[in-house]
Amino acid sequence: MTKIIDGKAISLEIKDELKKQVAEYKEQGIEITLAVIKVGNDPASAVYVRNKEKACEYIGVTSKTFALPEETTEEELLDLVSDLNKDDSINGILVQLPLPKHIDESKVLLAIDPKKDVDGFHPISVGKMVIGEDTFLPCTPAGIIEMLKRSNIEIQGKECVVIGRSNIVGKPMSMLMLKENATVTITHSRTKDLAEVTKRADIVVAAIGKAKFVTKDYLKDGAVVIDVGMDRDENGKLCGDVDFDDVFDKVSAITPVPGGVGPMTVTMLLVNCVRTVELNK
């Protein structure tokens, strides 16, 4: 029988663990504060920021949101990041993407102090992850590893195929799978005979942003499928990169969309916030 990997339930389990940890820190007089910067009026960003604020509140972390107007200049944003870097009461800094087109995202992310980089996007964090040093991990890939482990799905020795090579999911996902001793193949838009490659996989991670792209023809019997996609189907309904109904009977385990990977991303951000205490001793 196919197992549906419940991201909501797993993320709640982790949040409850974090809640206890944060309460213990408070008893020691340690408060944790996350600064969230949002520029402009992107409706999806507003939803994400609200979700992060609620999640912080749930575990007892203070969140300070800086909502800046669309016309904020790059220099003004960099000045704010610099001020937050110097502010000892701020543990983590998160800049909500996407930023308006006149602002260079990479420049802004690079300006965040790596000790406060709770998104795990800074090149120093990425470099440490690649060589296996303790650091902040990118939230979505770290959440996927956590989901697999808490669902008792073996990673070691398994063949894993990652569809997509973005800096946010595809590349770090492959690194974290390697760290767990999987054999990893990264595929992308130029991969020849993609279905032949994905059919070898024990674990498939789909992160390409194409609605219902992965069908049962791409999978072997009993594969584990992690769907990172957040797309809309022909009826405007939220769906993933995997055709859930088409593959369901063929796979051994699958994440739904919504309710799979999504909740884990915000939760792993909280994990990174709480880890600032240990990492920055």
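Here is a short report on the structure shown in this document. (Residues numbered from 1 in each chain as written. Predicted model: local features only at pLDDT ≥ 70, side-chain atom pairs only at ≥ 80, totals over all residues. Heavy atoms only, no water.)

### Observations concerning the environment of Thr191
Let me state the cut-off plainly: A run of DSSP states H or I qualifies as a helix once it reaches four residues; a run of E qualifies as a strand once it reaches two. Both are numbered from the N-terminal end. Three exposure classes are used, based on accessible area relative to the maximum for each residue type with a 1.4 Å probe and protein chains only: buried under 20%, partly exposed in between, and exposed over 50%.
Position of Thr191 relative to the elements: it lies in the loop between strand S6 (183–187) and helix H8 (194–198). Relative accessible area serves as the criterion here: at 22%, Thr191 is assigned to the partly exposed category. As a C-alpha pair, Thr191 and Leu12 span 179 residues in sequence and 37 Å in three-dimensional space.

### A few points about helix H3 (residues 74–86)
Going by this rule: Helix span, as expected, comes to 1.5 Å for every residue beyond the first. In this description, one arc is meant: the one made by directions from the helix axis to the C-beta atoms. Residue contacts are counted whenever heavy atoms from the two residues lie within 4.5 Å of one another.
Look at H3: 19 Å from first C-alpha to last across 13 residues, which is about the 18 Å you get at 1.5 Å a residue. Listed as buried for H3 are Glu74, Leu77, Leu80, Val81, Leu84 and Asn85. With its buried residues spanning 140° around the axis, H3 presents them on a single face. Of the residues in H3, the exposed ones pointing more than 90 degrees away from the buried face are Glu75 and Lys86. Close packing links the buried residues of H3 with strand S2 (33–39), strand S3 (62–68), strand S4 (92–95) and helix H4 (105–111).

### Things to note about the sheet that holds S6
Definition in use: Any two strands with at least two DSSP bridges between them are considered paired.
If you trace the 6 strands from one edge of the open sheet to the other, you get S1-S11-S8-S7-S5-S6, paired in parallel fashion. The open sheet terminates on both sides in strands that have one partner only, identified here as strand S1 (3–4) and S6. Across 4 bridges, strand S5 (residues 159–163) lies against strand S7 (residues 203–206) in parallel orientation. What sits directly across from Cys160, in S7, is Ile203.

### Points about a negative patch on the surface
Stated formally: Distance thresholds for patches are 9 Å for like charges and 5 Å for nonpolar side chains (Val, Leu, Ile, Met, Phe, Trp, Tyr), applied to residues having over 30% relative accessible area and no salt bridge. Exposure was quantified through the Shrake-Rupley algorithm and a 1.4 Å probe, taking into account, for residues, occlusion by the shown protein chains and nothing else. Salt bridges are identified by distance alone: a Lys or Arg side-chain nitrogen within 4 Å of an Asp or Glu carboxyl oxygen. When charges are counted, neither His nor the chain ends are considered; positive counts come from Lys and Arg and negative counts from Asp and Glu. The atoms used to mark charge sites are NZ of Lys, CZ of Arg, CG of Asp and CD of Glu.
On the surface, Glu70, Glu71, Glu75, Glu76, Asp79 and Asp83 cluster together to form a negatively charged patch. Structurally, Asp83 can be placed in helix H3.

### Points about the side chain of Lys52
Heads up, the rule is: A 3.5 Å cut-off defines polar contacts: any pair of N or O atoms within that distance qualifies, except that in protein one atom must be a possible hydrogen donor and the other a possible acceptor, and neighbouring residues in sequence count only when both atoms are side-chain atoms.
By the secondary structure assignment, Lys52 is in helix H2 (residues 43–59). We note that Lys52 is buried and unpaired, the nearest opposite charge coming from Asp119 at a distance of 5.7 Å. Of the polar contacts made by the side chain of Lys52, one reaches the side chain of Gln96; its length is 2.6 Å. With residues up to four places along the chain from it excluded, the contact list for Lys52 reads Leu94, Gln96, Val266 and Leu269.

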